[in-house]
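# Remarks on the overall topology
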Amino acid sequence: MINIINDGDVIQYANATGSKINSGDLVPIGKFCGVAITDIENGATGSVSVKGQFVLNKKTKTDVIAVGDQLVYDSGVKVISAATTLPIVRVGYAVKASAATEETVDVLLG
């Protein structure tokens, strides 16, 4: 196929946030999110994974998240929570339950 750019697992992201993005950070991109593969300095372009399973921080440790819950980006904070309000910037879906005693949740991006 002559019109393929890449397999879609990783995209190049131009960081215009005003701050450095660290490897492993959640990166909101319009109405979806990815995870930075490497550090991306402000003004630089770097690789962001938009597919895969990652361990990400929850907004609030006491949030209870069930397997299959849709997870969203909390604007201004690089953490996630269960979808409750619009507009939604989707991160993905919980692939493992996360109890009120856990700070992270396993997320399938998408």
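Residues numbered from 1 in each chain as written. Predicted model: local features only at pLDDT ≥ 70, side-chain atom pairs only at ≥ 80, totals over all residues. Heavy atoms only, no water.

## Digging into the nonpolar core
Among the nonpolar cores identified, the biggest contains 13 residues, and Val 91 and Val 107 are the most heavily contacted of them. Elements supplying a minimum of two residues to this core: β3 (32-36), β6 (70-74), β8 (90-94) and β9 (104-109). (Core = buried A, V, L, I, M, F, W, Y, C linked by side-chain atoms within 4.5 Å. Buried < 20%, exposed > 50% of the residue type's maximum accessible area, 1.4 Å probe, protein only. Helix = DSSP H or I, 4+ residues; strand = E, 2+ residues; numbered from the N terminus.)

## Digging into the environment of Val 27
Secondary-structure assignment places Val 27 in strand β2 (residues 26-29). Of the residues examined, Val 27 reaches a relative accessible area of 1% and is grouped as buried. Along the backbone, Val 27 and Val 91 are 64 residues apart, and their C-alpha atoms lie at a distance of 9.3 Å. Each residue touching Val 27, except ones within four places of it in the same chain, is listed here: Tyr 13, Ile 21, Phe 32, Cys 33, Gly 34, Ala 36 and Val 48. (Contact = heavy atoms within 4.5 Å.)

## Regarding the environment of Ser 19
Turning to its location among the elements, Ser 19 is positioned in the loop between β1 (10-14) and β2. Using a relative accessible area of 41% as the deciding quantity, one classes Ser 19 as partly exposed. Those residues in contact with Ser 19, other than ones at most four positions away along the chain, are Ile 40 and Asn 42.

## Examining the confidence of the model for the chain
Caution applies to low-pLDDT parts of the model: their predicted coordinates are not meant to be read in detail. Averaged over the chain, the pLDDT score is 87; the fraction of residues at 70 or greater is 87%. Per-element confidence in the chain ranges from a low mean pLDDT of 56 for strand β7 (residues 77-82) to a high of 98 for strand β4 (residues 45-49). (pLDDT = per-residue confidence, 0-100.)

## Remarks on the environment of Ser 23
By the secondary structure assignment, Ser 23 is in the loop between β1 and β2. Classification of Ser 23 by relative accessible area gives partly exposed; the value is 41%. Note: C-alpha distance between Ser 23 and Val 48 (25 residues apart in sequence) is 9.0 Å. When sequence neighbours within four positions are dropped, the list of residues in contact with Ser 23 reads Ala 36, Ile 37, Thr 38 and Asp 39. Engagement of the side chain of Ser 23 in a polar contact is seen with the backbone oxygen of Ile 37, the distance being 2.9 Å. (Polar contact = N/O pair within 3.5 Å; in protein donor to acceptor, adjacent residues only side chain to side chain.)

## Thoughts on the pattern of salt bridges
If you walk through the whole model with that rule in mind, you get two salt bridges. Residues Lys 51 and Asp 9 are paired through a salt bridge, measuring 4.0 Å at the closest nitrogen-oxygen approach. Placement of the pair is Lys 51 in the loop between β4 and β5 (53-57) and Asp 9 in the segment before β1, with a sequence separation of 42 residues. Classification of Asp 9 by relative accessible area gives partly exposed; the value is 32%. Lys 20 serves as the salt-bridge partner of Asp 39, at 3.4 Å between the closest nitrogen and oxygen. (Salt bridge = Lys/Arg side-chain N within 4 Å of Asp/Glu carboxyl O.)

## Focus: the side chain of Asp 106
Topologically, Asp 106 is positioned in strand β9. Although buried, Asp 106 forms no salt bridge, and the nearest oppositely charged side chain, Lys 96, lies 4.5 Å from it. Once you skip the residues sitting within four places of it in the chain, Asp 106 turns out to touch Gln 53, Phe 54, Val 55, Tyr 93, Ala 94, Val 95 and Lys 96. (Lys, Arg positive; Asp, Glu negative; His and termini not counted.)

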